[in-house]
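Chain by chain, the residues:
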Amino acid sequence: MEQHDGRRARGDASRRLVLERAVDLASVEGLDGLSIGRLAEAAEVSKSGVATLFGSKERLQLAAVDAAVERFTRVVIEPARVEPRGVRRIVALVDRWIAYSRDRVFPGGCFFAAAAAEFDAKPGPVRDALARALASWSGYLGASYGYAVAQGELEGDPAQFAFEATALLDAANTRSVMSGSSEPYVFARRALVARLAAAGADPAVLERLAEVDDRVLA
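By convention here, each chain's residues receive numbers from 1 onward along its written sequence. Only residues with pLDDT of 70 or above have their local features reported here, since the model is predicted, and side-chain atom pairs are shown and tallied only from 80 upward, although totals for entire chains, interfaces and linings are computed over all residues. To get the side-chain values, all heavy atoms of the structure are used, and hydrogens and water are removed first.

Novice: How should the overall build of the protein be read in this particular structure?
Specialist: Strands are runs of DSSP state E lasting at least 2 residues, helices are runs of H or I lasting at least 4, and numbering of each runs from the N terminus. Scanning the protein for helices and strands turns up 11 helices and zero strands. When the helices and strands of the protein are read in sequence order from the N terminus, they spell out α-α-α-α-α-α-α-α-α-α-α. Overall size of the protein, expressed as C-alpha extent along the three principal axes, is 60 × 45 × 35 Å. The cut-offs for exposure are 20% and 50% of the maximum accessible area for each residue type, with area from a 1.4 Å probe on protein chains only; residues under the lower value are buried, those over the upper are exposed, and the others partly exposed. Across the 218 residues in the protein, those meeting the buried criterion constitute 40%. What makes two residues a contact is simply this: any of their non-hydrogen atoms within 4.5 Å. Sequence-distant contacts, at least 24 apart, represent 67% of the contacts inside the protein between residues at least 6 apart. Each accessible area value is a Shrake-Rupley result obtained with a 1.4 Å probe; residue values ignore everything except the protein chains displayed when judging cover. For the protein, the accessible area works out to roughly 11100 Å², and carbon and sulfur atoms hold 53% of it. When charges are counted, Lys and Arg are positive and Asp and Glu negative, with His and the chain ends excluded. By convention, the point assigned to a charge is CZ for Arg, NZ for Lys, CD for Glu and CG for Asp. Here the protein carries 28 positive and 30 negative side-chain charges, and the mean point of each set is 4 Å from the other.

Structure representation (structure tokens):
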């Protein structure tokens, strides 16, 4: 039993390491280009080893989406949860999202923005997994706005805010990746601060979002 558990632990560790390489590779070259052979080459492991871990290209792609969700949650969602529900958490969420894209947590920028553009018109399990991930983020952002409305901190429709905020963040990510500039994040911050201020947010709470100069930190 002990020997079996040791093999399983080593297998799990190997799978995690290969998946880390897989999501980084997919963020640059696309999920559709993520094949067992290409990953084996990039991760410097055997094709048979990758095939043993994942079995098929689709299972590899689905595992990569799950791994990307875990990384995103660790970098964006979990740090924001230290803030109380409401405006402070919204500010933390969008601030962390900008840092996630700006700092290239995935080398190709936002993993999900790139993958969604690649799979939005391709029905199947991979598209469904990406749709769930995007809906989860948008839903969490909307729910956070809903708490702020319930607490009297903001006015307006949570779903509308989630749509607008996501559109701004995605646009900033795409423009930054294309241009190599951090200036799009500055524009996104200004727009989000203005949007939240117009909805009644306390200006002092918005300072965290407004005062960061992404051009300096990049």
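There is more to say after this.
Novice: What is the right way to read the packing of aromatic side chains from this model?
Specialist: Two numbers describe a pair of aromatic rings. These are the distance of the centres and the angle of the planes. What counts as a ring pair is set by centres within 6.5 Å for rings of Phe, Tyr and Trp (its six-membered ring), and what kind of pair is set by the plane angle: stacked under 30 degrees, edge-to-face over 60, tilted for all other angles. Counted by the stated rule, this structure contains eight aromatic pairs. Centroid distance W97 to Y100: 5.4 Å. Interplanar angle 70°. Geometry classified as edge-to-face. Residue W97 and its partner Y100 are located together in helix α5 (residues 87-102), separated by three residues, close to a single helical turn. Classification of W97 by relative accessible area gives buried; the value is 3%. A relative accessible area of 1% means that Y100 is categorised as buried. Measuring from centroid to centroid gives 5.2 Å for F111 and F112, while their planes differ by 75°, and the two rings are edge-to-face.

Novice: What should I look at first to understand the packing of α5 against helix α7 (residues 125-150) in this one?
Specialist: The relative placement of two packed helices is expressed as an angle between their axes plus a distance between the axes. Helix axes are fitted only over the stretch in contact, all axes being lines through C-alpha atoms; the angle between N-to-C directions runs from 0 to 180 degrees. Direction vectors running N to C along α5 and α7 enclose 150°, while the axes themselves pass 8 Å from each other. Between α5 and α7, the angle falls in the class roughly antiparallel. On α7, the residues touching V87, R89, I90, L93, V94 and W97 of α5 are W137, Y140, L141, S144, Y145 and A148. Throughout, the ten residues Ala, Val, Leu, Ile, Met, Phe, Trp, Tyr, Cys and Pro are labelled nonpolar, Asp, Glu, Lys and Arg are labelled charged, and all others, Gly among them, are labelled polar. Across the contact of α5 with α7, the residue classes break down as 10 nonpolar, one polar and one charged. Orientation is classified from the angle alone, with under 35 degrees giving roughly parallel, over 145 giving roughly antiparallel, 65 to 115 giving roughly perpendicular, and any other angle giving oblique.

Novice: Can you help me understand the side chain of S27 in this one?
Specialist: Considering the arrangement of structural elements, one finds S27 in helix α1 (residues 2-29). Given a relative accessible area of 6%, S27 falls into the buried group. Think of a polar contact as two N or O atoms within 3.5 Å of one another; within protein, one of them needs to be a possible hydrogen donor and the other a possible acceptor, and neighboring residues in sequence only count if both atoms come from side chains. Within polar-contact distance, the side chain of S27 engages the backbone nitrogen of G108 at 3.0 Å. Apart from the residues lying within four places of it in its own chain, the contact partners of S27 are F106, P107, G108, F111 and A114.

Novice: Is there a simple way to think about helix α8 (residues 158-179) in this case?
Specialist: The periodicity of an α-helix, 3.6 residues per turn, causes residues three or four places apart in sequence to face the same way. Multiplying one less than the number of residues by 1.5 Å gives the expected span of a helix. Between its first and last C-alpha, α8 extends 31 Å over 22 residues, near the 32 Å set by a 1.5 Å rise per residue. Among the residues of α8, those classed as buried are F161, A162, A165, T166, L169, A172, N173 and S176. Buried residues of α8, seen end-on, are gathered within an arc of 130° and therefore sit on one face of the element. Away from the buried face of α8 by more than 90 degrees, exposed residues A159, F163, R175 and M178 are located. For α8, the secondary structure elements touched by its buried residues are α5, α6 (111-119), α7 and α9 (183-198). Here α8 starts with a cap whose side-chain oxygen sits 3.2 Å from the backbone nitrogen of A159, and that cap is D157. Taken from the residues just after α8, G180 is the one with a positive phi, measuring 75°. Working note: the arc is built from the helix axis to C-beta atom directions.

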